[in-house]
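These are the residues of each chain, in order.
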Amino acid sequence: MSNPEPPTNDPEADDALYIGPIRVRPQQRLGKTTDRRLLEWVDPRDAERRAERTMRDSWRVLRIQSEFVAGFDAMSEVAEAVTVFGSARMKPDSPEYALGVEVGRALGEAGYAVITGGGPGAMQAANQGAHQAGAQSIGLNIELPFEQTLNPWVDLGMNFRYFFVRKTMFVKYAVGFVCLPGGLGTLDELFEALTLVQTKKVVRFPIVLVGTEFWAGLLDWMRDVLVARGMIAAEDLDLLTVVDEPEDVVAAIHATAVARPSDRPSAADGTMTR
Ligand SMILES: C/C(=C\CNc1ncnc2c1ncn2[C@@H]1O[C@H](COP(=O)(O)O)[C@@H](O)[C@H]1O)CO
């Protein structure tokens, strides 16, 4: 087994905020994230601010474009990957974190690269398991209004300015999603995936929820309210698989995913695993 200690982190990174790929020291900070500036409301009656917005937004398109280009370049060698979501607040000494590590490890041992949001908690747990299994451990971080670095178990990492660019990468390079217990961010990622599958924007895309007890209330509500009131079809619930064991996560991904690592002709074909 590989070294259980995380790879050494940059000791000077503690106070580092990343604006996209750029590291900014506290005294240089503008106070607003790129997403917030993009989404900020401008009073259309204020002609000067409107004109300013028009000019800024046109330039912004180039920055968005360049973020897609950088993301596509960084991810182009990734083979079969599974994206793992889950709470940023999960404590490293909790049973949920230990399960997250085992999920990342099981996916890694099955030959999948593991993609996460690159942050702390469940993301770090899944990256740790993948790294320790010798699989590719990928972290796609997001610019936040407070200091944040990639967790130390990420081998291939990127920092995004734009939420929607990062979300594209989560889906585009994965053959399935796994959701560990989480809060609003995890629910957002889960429901976006469900919508993409329901509307057939992606096909043969397993979505696996880990933790029957944690997810039971949500699933009950979806059945008792959403299905009962005709807001979703009963079959939509079949898009979700709920499991408790790491090996069942792998089995559920294998059962539906468009490709498995074992389908790969040979490791000598240049396809990157780590
Ligand atoms: C709140 C804390 C850290 C925030 N850091 C994050 N870094 C990267 N990705 C994140 C972060 N917070 C949320 N995400 C994304 O949403 C999911 C988790 O959200 P939840 O609300 O905690 O469930 C996760 O999958 C990420 O993609 C603590 O220091």
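Starting afresh in each chain, residues are numbered from 1 along the sequence in its written order. Given that the model is predicted, a residue must reach a pLDDT of at least 70 before its local features are reported, and side-chain atom pairs must reach 80 or more before they are shown or counted; all residues, however, enter totals for whole chains, interfaces and linings. Hydrogens and water are ignored here; the side-chain numbers use all heavy atoms of the structure.

## Some details on helix α7 (residues 212–227)
Working step 1: Put simply, DSSP H or I for four residues or longer makes a helix, DSSP E for two residues or longer makes a strand, and each gets a number counted from the N terminus. To estimate how far a helix should extend, the number of its residues minus one is multiplied by 1.5 Å. In this model, α7 (16 residues) spans only 20 Å end to end at C-alpha, well below the 22 Å of a helix rising 1.5 Å per residue.
Working step 2: Residue burial is assigned from relative accessible area. The probe radius is 1.4 Å, only protein chains are included, and a residue is buried under 20% of its type maximum, exposed over 50%, and partly exposed in between. Every buried residue of α7 is listed here: W215, L219, M222 and L226.
Working step 3: Two residues form a contact once any of their heavy atoms are found within 4.5 Å. Of the surrounding elements, those touching the buried residues of α7 are β7 (176–179), α6 (184–198), β8 (207–210) and β9 (240–243).

## Some remarks on the environment of G182
Working step 1: Here G182 shows up in the loop between β7 and α6.
Working step 2: Separated by 60 residues in the primary sequence, G182 and A122 have C-alpha atoms spaced 8.1 Å apart.
Working step 3: The residues touching G182, leaving out its near neighbours within four places in the chain, are G86, S87 and F214.

## Some points on the nonpolar core
Working step 1: Ranked by internal contacts, the top residues of the largest apolar core, which has 36 residues, are I115, L140, F177, L190, I207, M222 and L240.
Working step 2: Look past the residues within four positions of M222 in its chain and what remains in contact with it is F191, L194, V227, I232, L237 and L240.
Working step 3: Core analysis: the second largest hydrophobic core is formed by 27 residues, V101, A130, V208 and V210 among them. For this analysis, a nonpolar core means a set of buried residues of the types Ala, Val, Leu, Ile, Met, Phe, Trp, Tyr and Cys, connected via side-chain atoms within 4.5 Å.

## Concerning a nonpolar patch on the surface
Working step 1: The residues that make up patches have over 30% relative accessible area and no salt bridge, and they are joined within 9 Å when like-charged or within 5 Å when they are Val, Leu, Ile, Met, Phe, Trp or Tyr. Accessible surface area values rest on a Shrake-Rupley calculation with a 1.4 Å probe, where residue burial reflects the displayed protein chains alone. Salt bridges, as used here, are contacts in which a Lys or Arg side-chain nitrogen is within 4 Å of a carboxyl oxygen on Asp or Glu. Nonpolar side chains collect at one region of the surface, where M55, W59 and L62 lie side by side and expose about 380 Å² of accessible area between them.
Working step 2: Of note, M55 is situated in helix α2 (residues 47–75).

## Overview of the packing of helix α3 (residues 95–109) against helix α8 (residues 246–256)
Working step 1: It is the contact of α3 with α8, at a shortest axis distance of 8 Å, that shows an interaxial angle of 45 degrees. Put simply, α3 runs oblique to α8. Crossing hand, α3 versus α8: right-handed. Contacts between α3 and α8 pair L99, E102, V103, A106 and L107 from the former with P246, V249, V250 and I253 from the latter.
Working step 2: When residues are sorted by character, Ala, Val, Leu, Ile, Met, Phe, Trp, Tyr, Cys and Pro go into the nonpolar class, Asp, Glu, Lys and Arg into the charged class, and all the rest, Gly among them, into the polar class. By residue class, the composition of the contact of α3 with α8 is eight nonpolar, no polar and one charged. Where helices are involved, their axes are fitted lines through C-alpha atoms of the stretch in contact, as for all axes, and angles between N-to-C directions lie from 0 to 180°. Every angle not falling under 35 degrees, over 145, or within 65 to 115 is termed oblique; those three ranges are roughly parallel, roughly antiparallel and roughly perpendicular. Definitions for this section: a left-handed crossing has its near helix turned counterclockwise from the far helix by less than a right angle. A right-handed crossing has that turn clockwise.

## Things to note about the sheet that holds strand β5 (residues 137–142)
Working step 1: Whether two strands pair comes down to DSSP finding at least two bridges between them. Pairing is parallel in the open sheet, where seven strands are placed in the order β6-β5-β4-β3-β7-β8-β9. Either end of the sheet is taken by a strand with one partner, and the two such strands are β6 (156–160) and β9. Averaged over all adjacent pairs, the angle separating strand axes in this sheet is 20 degrees, with direction ignored.
Working step 2: Relative to strand β4 (residues 113–116), strand β3 (residues 81–85) runs parallel, the two being bridged by three bridges. Across the sheet, residue A81 finds its bridge partner in β4, namely A113.

What is shown is where atoms sit, not what they do.
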